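Topology and contacts: notes
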Amino acid sequence: MTEVAGIRRRYVERTGRSLELWRGFSDVLVDGSTRSLAYYAPHPVVIVSGRGAHVTDADDNSYFDLLNNYTALVHGNAHPALTEAAASVMGSGTVFPAPHVLQARHAGMIRERIEGTEVVRYTNSGTEAAMLAVRVARAATGRDIIAKARYGYHGSFDGLAPNFGGGSVRADPGVPRVTAEALRVFEFNDSADMERICCEVGSDLAAIVLEPVLGSGGAVPATGEFMADARRLSDELGALLILDEVQTFRLDHGGMQAVLGVRSDLTVLGKLIGGGFPIGALAGPRHLLEVLSVGSPRHMKHAGTFNGNLVSMAAGIRAMELLGPDAISRLNSGGEALASSTRSALASSGLPGTVTGYGSMFNVHIGAEVGTVRTGSETTAQDQALMELFHLALLNEGVFAAPRGFFNTSTVLSDEDLETVAGALKQALASVVEETAGERR
Ligand code: PMP
């Protein structure tokens with residue numbers, strides 16, 4: 001283990017100030033942070049600033065940002081146009097319990113992109129938007145049960161059980177019992193399993209909820225066939241198909257549903273549409289979202305103090321304006337090139353594993369049991385010790401990515417940046433190989 005300690009030792013040496021600060025934070029914050037994903041051993045780096053394609057930690061180390069707040073910062077950090085858009089509204093009030101032109105403009109942009117969208121309702125996070133989608137589906141169908149994919153992540157709430165193996169790569173033992181009663185789980189990309197589970201529920205099924213590419217579950221794209229089966233099954237059973245495009249909206253002008261050729265009944269959005277500020281949105285046809293209308297005989301109340309706040313609206317509009325088809329195509333090419341060079345580097349490193357993903361999102365899975373990662377379940381087969389070393393090695397090489405091996409590109413990464421990052425990823429893999437060769441032999 002002395003060699004294995006090398007990567008970690010170097011990491012600890014480089015991040016002394018982060019450790020000191022983080023220890024202090026832990027006095028008042030659980031794990032010294034505010035989200036499960038922000039903690040990793042031996043201690044997380046404390047990021048003090050971000051600009052463009054880089055973030056800087058408390059020890060003044062600079063990193064290429066290949067996480068972009070888990071895909072939300074599609075234009076990188078502190079993009080001048082987005083900062084300016086946010087600042088432009090700040091001096092005249094940030095949120096009112098009243099309608100506003102920016103909300104209508106933002107919603108119009110979503111409607112223009114996602115087929116079948118007539119109206120939009122805003123929330124403050126993707127989690128809330130997914131919660132709302134479930135409520136609307138139940139109200140619209142008069143049914144109770146929701147079916148979702150194992151490892152599908154739709155936010156931190158019990159109704160869609162993020163912990164059915166979805167929060168990260170491991171199942172969480174603390175799933176509340178109540179969840180299991182209204183929720184059924186099937187394997188992603190396994191049409192037969194989905195059909196079996198959904199048909200068992202039959203006329204009690206309110207909705208099938210799916211990510212078109214598993215995000216937390218390991219950047220695993222759905223096949224077109226699986227999505228078509230989800231659509232057909234929903235129609236046959238009179239249930240709704242809810243697509244969660246909180247992450248995948250960045251992958252195509254019409255969202256990943258346009259790529260896969262599937263039409264959702266309701267679409268859950270978040271992250272990038274807030275331009276770096278908190279947001280969630282539920283988009284769909286008027287006849288389904290009508291239950292939220294005060295004038296509807298079946299009116300279901302939906303409130304939220306900061307829904308449609310103007311900072312998120314203004315920055316979000318700008319973020320979408322800057323993400324036209326050409327920008328998306330460049331973004332995806334960059335991600336694909338990086339995924340491809342990483343795949344080659346992994347193959348020639350001798351480490352067991354694979355790289356999954358689509359366009360600007362990809363995930364490196366290292367482990368002898370990883371397999372081809374088609375259903376997402378295989379991410380549980382990642383070798384946690386190797387993944388942890390790889391992540392720390394990436395940080396040592398100046399790349400900020402997710403501990404589970406998830407990467408995504410931003411529009412501000414230049415071709416030269418991407419080449420540098422590709423070299424850093426290769427070097428990180430090489431240092432893992434070098435330090436574990438003896439153990440793996
Ligand atoms: N759905 C998906 C697919 C997500 O990736 C996330 C966030 N990672 C959410 C929902 C929840 O969004 P938020 O973190 O804004 O609550």
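To start, this report covers the structure provided alongside it.

The rules behind these values
- Residues numbered from 1 in each chain as written.
- Predicted model: local features only at pLDDT ≥ 70, side-chain atom pairs only at ≥ 80, totals over all residues.
- Heavy atoms only, no water.
- Near = heavy atom within 4 Å.
- Polar contact = N/O pair within 3.5 Å; in protein donor to acceptor, adjacent residues only side chain to side chain.
- Nonpolar A, V, L, I, M, F, W, Y, C, P; charged D, E, K, R; others polar.
- Helix = DSSP H or I, 4+ residues; strand = E, 2+ residues; numbered from the N terminus.
- Buried < 20%, exposed > 50% of the residue type's maximum accessible area, 1.4 Å probe, protein only.
- Arc of directions from axis to C-beta.
- Contact = heavy atoms within 4.5 Å.
- Core = buried A, V, L, I, M, F, W, Y, C linked by side-chain atoms within 4.5 Å.
- Domains from an automatic or database assignment.
- 1 Å grid on protein atoms, 1.4 Å probe; cavity = no way out; pocket = protein on both sides within 12 Å on 5 of 7 lines; lining within 4 Å.
- Points joined across faces, edges and corners; volume = space filled by probe spheres on them.

A closer look at the site of the ligand
Lining the immediate surroundings of the ligand are S125, G126, T127, Y153, H154, G155, E211, D244, V246, Q247 and K271. Separating an oxygen atom of the ligand from a side-chain N or O atom of T127 is a distance of 2.5 Å. Within the side chain of K271, a nitrogen or oxygen atom sits 2.9 Å from a nitrogen atom of the ligand. Grouping the amino acids of the shell around the ligand by side-chain chemistry returns two nonpolar, six polar and three charged.

A few points about the environment of V433
Relative to the assigned elements, V433 resides in helix α14 (residues 415-440). Overall, V433 belongs to the buried group, its relative accessible area being 19%. Through-space distance from the C-alpha of V433 to that of L351 is 7.0 Å; in sequence the pair is 82 residues apart.

Quick look at helix α3 (residues 80-90)
Along an α-helix, residues three or four apart share an orientation, since each turn contains 3.6 residues. Within the span of α3, buried status applies to A81, L82, A85, A86 and V89. What you see down the axis of α3 is that its buried residues fit within an arc of 135°, all on one side. Away from the buried face of α3 by more than 90 degrees, exposed residues P80 and E84 are located. For α3, the secondary structure elements touched by its buried residues are α4 (101-113) and α11 (310-321).

A short note on unusual backbone geometry
With omega at 0°, the peptide bond leading from A41 into P42 counts as cis. Considering the arrangement of structural elements, one finds P42 in the loop between α2 (16-25) and β1 (47-51). For N68, which is not glycine, the phi dihedral falls at a positive 50°. You can see N68 is positioned in the loop between β3 (62-65) and α3.

Overview of the nonpolar core
One finds F186, L205, L210, I366, F390 and F407 to be the most contacted residues of the largest nonpolar core, which totals 77 residues. Ranked by the residues each element gives to this core, the list is headed by α14, at nine residues. Residue contributions to this core reach at least three from each of two domains, namely domain 1 (5-74 + 325-440) and domain 2 (80-322). Those residues within four positions of L210 in sequence are excluded, and the remaining contacts are A149, H154, F186, F188, F226, M227, A230, L241, I242, L243 and D244. One finds L102, I114, L272 and I279 within the second-largest nonpolar core, a separate group that totals 29 residues.

Describing the environment of A402
The residue A402 is located in the loop between β15 (399-400) and β16 (406-408) in this model. Note on A402: relative accessible area 1%, which makes it buried. Distance in space between the C-alpha atoms of A402 and N363 is 9.1 Å, their sequence separation being 39 residues. The residues contacting A402, other than those within four sequence positions of it, are L67, Y70 and H391.

Looking at empty space enclosed by the protein
Scanning the model with the defined rule gives one cavity of 30 Å³ or more in all. In this model, the largest cavity occupies a volume close to 30 Å³. As for the largest cavity, its lining consists of I114, E115, G116, T117, S264, D265, T267, A283, G284 and P285. Tallied by class, the residues present in the lining of the largest cavity amount to three nonpolar, five polar and two charged.

Read these as layout, nothing more, since geometry by itself doesn't imply function.
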